[in-house]
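Overview (structure and organization)
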Amino acid sequence: MKVLIPSPLLSYTASREVLASGATLADLLVDLERQYPGLRFRVIDEQDRMRPHMRFFVNGEQVFDLSRSLRPADEVQIVQALSGG
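Here the structure is a predicted model, which is why all the values come from computation and not from measurement. (Residues numbered from 1 in each chain as written. Predicted model: local features only at pLDDT ≥ 70, side-chain atom pairs only at ≥ 80, totals over all residues. Heavy atoms only, no water.)

1. Comments concerning the sheet that holds strand E2 (residues 17-19)
Strand order in the open sheet made by the five strands is E2-E1-E5-E3-E4, with mixed pairing throughout. One side of each edge strand has no neighbouring strand; the edge strands of this open sheet are E2 and strand E4 (61-63). Here the average twist between neighbouring strands, direction ignored, is 30 degrees. Helix H2 (residues 25-35) rests against strand E1 (2-4), E2, strand E3 (54-58), E4 and strand E5 (75-80) of the sheet, and its axis sits at about 75 degrees to E5. (Pairing = 2+ DSSP bridges. Helix = DSSP H or I, 4+ residues; strand = E, 2+ residues; numbered from the N terminus. Axes fitted to C-alpha atoms, helices over the stretch in contact; angles between N-to-C directions. Contact = heavy atoms within 4.5 Å.)

2. Section: the nonpolar core
One recurring pattern in soluble globular proteins: nonpolar side chains tend to sit buried together. Residues Val3, Leu28, Leu32, Phe56 and Ile78 are the most contacted members of the largest nonpolar core, which totals 23 residues. Mapped by element, the contributors of at least two residues to this core are H2, helix H3 (39-43), E3 and E5. Here this core gets four residues from one element, more than from any other, and that element is H2. Beyond its immediate stretch of four places on either side in the chain, Leu32 contacts Val3, Val18, Ala20, Leu39 and Ile78. (Core = buried A, V, L, I, M, F, W, Y, C linked by side-chain atoms within 4.5 Å. Buried < 20%, exposed > 50% of the residue type's maximum accessible area, 1.4 Å probe, protein only.)

3. Overview of the pairing of E3
A one-sided burial pattern is seen for E3, the buried positions being Met54, Phe56 and Val58 and the unburied ones Arg55 and Phe57. As judged from the five bridges shared by E3 and E5, these two strands associate in the antiparallel manner. Bridging from a neighbouring strand, Val58 pairs with Val76 of E5. Strand direction decides the pairing type here: E3 and E4, joined by three bridges, are antiparallel. Its bridge partner lying in E4, Phe57 is registered against Gln62. In sequence, E3 turns back onto E4 through a hairpin of two residues, with Asn59 there showing a positive phi of about 50 degrees.

4. Side note on the environment of Leu4
On the secondary structure map, Leu4 appears in strand E1. Between the alpha carbons of Leu4 and Val18 there is a distance of 6.6 Å; along the sequence they are 14 residues apart.

5. Concerning the pattern of salt bridges
Using the criterion set out here, one finds six salt bridges in the structure. For Glu75, the salt bridge goes to Lys2, with nearest N and O atoms at 3.1 Å. Residue Glu75 is located in strand E5, and its partner Lys2 is located in strand E1; the two are separated by 73 residues in the primary sequence. For Glu75, a relative accessible area of 30% gives the class partly exposed. (Salt bridge = Lys/Arg side-chain N within 4 Å of Asp/Glu carboxyl O.)

Right under this line is the structure:
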């Protein structure tokens, strides 16, 4: 499926759009790690939870659960939340 990558992670993928597969969001992240070593740790912490500054969207809907089921035609977008003042 198509995965949209945020600018801060382009050093891993060299492309804003990549292809990956997985039955769940967690599986998809494992496939992304296989293809782009180091990327998963930037979005998932040591307890296998989404990092607070990362957001995941499946077909435009924000997802909070790594066990979310995915279909091959889905589009996943990873977004890095920005903060500051």
